[in-house]
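# Structural description and commentary
One-letter residues, chain by chain:
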Amino acid sequence: MNGILLIDKPAGWTSMDVCAKLRGALHEKRIGHSGTLDPMATGLLVVFLGRATRAVEFAEADAKAYSAALRLGMVTDTQDTEGTVMSQCDVAVSDAQLNAALARFRGEIAQIPPMYSAIKVNGQKLCNLARKGREVERPARNITIFSLERVGTDENGDILLDVVCSKGTYIRTLCNDIGAALGCGGVMSALRRTRAGTFTLERAHTLDDVLAAAARGEAEKLLLPVETLFSDHSALTLSAAQEKAVRNGAGFTYPGEEGTYRVYSQSGAFLALAAVRDGRLDPIKSFFEV
């Protein structure tokens, strides 16, 4: 089974829990995803199956969009409402103060990853150290917040934010840092991923729907072809000789316009992502079964 499966991840599941469940239901060992969601988070999880797992590295770099809820006046060890409360205070923040604080976090910023994360420092996962009560120095990482807008308030009085950000952004940490900038503290109280690259939540399937389709033997109908990930690149159809070269991992002389292309066989089978440079076409990554 090869392709991309868009899942609307339920709360309470880790991203790897979802992949493990799908391995059993779909009888496919080769399963991966292109961006972890915390257990409390819901929304779009882009899952790759079979030969399509070779595309994960390209999808990981895609910008992602989220709907998040920010609760001011609280600080926890996990930077979300599921952690141990470290401090609480009354909040008196005006709209002008909030807007000014949000403005500080748009564009390229430095973000220190949270202790409760899977990032490794000196070979050890930060989350494992945090569970032992340890905190270590973490180097700041440059991320980009392309868009950060307040869109309302929920029934708990938490501030609703729409965020579009680069790879490596922790929304929990963004909420924590906004709260710190306002002087009252802040935590993430809800998170839903709505977009990853060109994939949107509207196209996603619930895990229950996928499992039901698998039980009927119809799960493959839910898959998107792997080349969907590269839809912004033009397509090239190769001759039989050129196809043979690509299947052997070799390049060949090609006088076309420089760029990155989806390349197909004469029969229409997607073969590889390839680059045309200096009069040659060379495969970047192949996706045909071997």
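Below is a short write-up of the structure. (Residues numbered from 1 in each chain as written. Predicted model: local features only at pLDDT ≥ 70, side-chain atom pairs only at ≥ 80, totals over all residues. Heavy atoms only, no water.)

## Quick look at unusual backbone geometry
Unlike most non-glycine residues, His27 shows phi in positive territory, near 55 degrees. Within the element layout of this structure, His27 appears in the loop between helix H1 (15–26) and strand E2 (31–33). Despite not being glycine, Gln79 has its phi angle at roughly 70 degrees, a positive value. Structurally, Gln79 is set in the loop between strand E5 (74–76) and strand E6 (85–88). (Helix = DSSP H or I, 4+ residues; strand = E, 2+ residues; numbered from the N terminus.)

## Remarks on the nonpolar core
Ranked by internal contacts, the top residues of the largest apolar core, which has 27 residues, are Ile145, Leu148, Leu161, Val163, Ile171 and Ile178. The set of elements that each furnish at least two residues to this core consists of strand E4 (64–72), helix H3 (95–103), strand E10 (141–153), strand E11 (159–165), helix H5 (171–182) and strand E12 (186–196). With five residues, H5 is the single largest residue contributor to this core. Once residues within four sequence positions are removed from consideration, Ile145 is found in contact with Phe105, Arg106, Gly107, Ile109, Val163, Val164, Cys165, Thr169 and Leu174. Of all hydrophobic cores here, the second largest spans 21 residues; its members include Leu44, Ala52, Val56 and Ala204. (Core = buried A, V, L, I, M, F, W, Y, C linked by side-chain atoms within 4.5 Å. Buried < 20%, exposed > 50% of the residue type's maximum accessible area, 1.4 Å probe, protein only. Contact = heavy atoms within 4.5 Å.)

## Some thoughts on the sheet that holds strand E18 (residues 270–277)
Here five strands make up an open sheet; going across it, the order is E15-E17-E18-E19-E16 and the pairing mixed. Of all strands in the sheet, those with a lone pairing partner are strand E15 (234–237) and strand E16 (252–253), marking the two edges. Across six bridges, E18 lies against strand E19 (residues 280–286) in antiparallel orientation. When the sheet's bridge partners are listed, Arg277 is paired in E19 with Arg280. Helix-sheet contacts for helix H7 (residues 240–247) involve E16, E18 and E19, and the interaxial angle to E18 is about 95 degrees. (Pairing = 2+ DSSP bridges. Axes fitted to C-alpha atoms, helices over the stretch in contact; angles between N-to-C directions.)

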